[in-house]
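# Secondary and tertiary structure notes
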Amino acid sequence: MNASNIDKQAHWDHIFSDKPDESLGWYERDVSYTLDFFPPGLLDKPQTIFIVGAGTSQLVDGLLAMGYRLILNDISEAALARLRERIGEQKDIIWLAADLSHPLPNELPAVDIWIDRAVLHFLIDNQAIDNYFVNLYRLLKMNGYVLLAEFSESGAERCAGLPVRRYSLDDMNQRMLPDFALIKHAHYDYITPAGGQRPYLYALYQRS
Ligand SMILES: C[S@@+](CC[C@H](N)C(=O)[O-])C[C@H]1O[C@@H](n2cnc3c(N)ncnc32)[C@H](O)[C@@H]1O
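Anyway, here's the lowdown on the structure attached to this text. As the structure is a computational prediction, the values presented were derived from the model and not from experiment. (Residues numbered from 1 in each chain as written. Predicted model: local features only at pLDDT ≥ 70, side-chain atom pairs only at ≥ 80, totals over all residues. Heavy atoms only, no water.)

### A closer look at the pairing of strand S4 (residues 111–117)
The element S4 is largely enclosed, with a buried count of seven among its seven residues. Alignment of strand S1 (residues 48–51) against S4, held across three bridges, turns out to be parallel. The partner of Ile 51 across the bridge, within S4, is Ile 115. Summarising the sheet, S4 and strand S5 (residues 140–151) pair through six bridges and their orientation is parallel. Along S5, the bridge assignment pairs Ile 113 with Tyr 145. Assessed by its sense of winding, the connection that carries the chain from S4 through helix H5 (residues 126–139) to S5 is right-handed. (Buried < 20%, exposed > 50% of the residue type's maximum accessible area, 1.4 Å probe, protein only. Helix = DSSP H or I, 4+ residues; strand = E, 2+ residues; numbered from the N terminus. Pairing = 2+ DSSP bridges. Right-handed = clockwise from strand over helix to strand, strands pointing away.)

What follows is the structure, encoded as structure tokens:
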């Protein structure tokens, strides 16, 4: 990793070493909004799912219980260590500590679903965002799905002490169309553990 990656990693490691899950501004005990965002039937068959910045999300537990193979990535080794402590070693998991704004390792398997909740919006530079999408194109199978859940235009300008790039549906569509079809989208007001309102834009796309 280069110096700026190490800084980013150190920033996130510090957060995950310092604070319990329940006090993180993005913590969700109940992940049903995200799970239910997938249309009925879409999650029915065995799939490989890439959770691109897993953090310590409870979504991981939900998807494991449903029998998926998971690639769990995060820039923060501390986040992954905490997640691993919670869920234990499991055969259907590939652990990865990579920065999504740089090329991901070649040996990763192709994935059916790419899930990003509150990760892409931390990439500010156009080059970093381009690199993220090169990774997406390389890893996602044809007809695979992408869920992007990012701060919306009316969302906060910062999170975790970092600036974020907020997304309108047009912004997302500009990135995704025409190689992906928009399946559905929604505005969702997530409420933080401290009671704050965090408007998100959720959008599900299918590669065509
Ligand atoms: C706001 S948290 C969301 C965590 C999780 N997706 C959730 O919904 O609970 C953002 C996560 O993205 C990770 N992250 C930030 N920048 C990243 C990058 N460039 N590459 C990979 N992970 C990154 C952070 O370490 C953190 O775990």
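The rest of the description comes next.
### With respect to the nonpolar core
Membership of the largest hydrophobic core comes to 46 residues, with the highest contact counts inside it found for Trp 26, Ile 49, Val 60, Leu 63 and Leu 72. Ranked by residues supplied to this core, first place goes to helix H4 (residues 77–87) with five residues. Leave out the neighbours within four places in its chain, and Val 60 touches Ile 51, Ala 54, Leu 70, Leu 72, Leu 83 and Ile 87. If you look at the next biggest cluster of nonpolar residues, it comprises 29 residues, including Phe 50, Leu 96, Trp 114 and Ala 203. (Core = buried A, V, L, I, M, F, W, Y, C linked by side-chain atoms within 4.5 Å. Contact = heavy atoms within 4.5 Å.)

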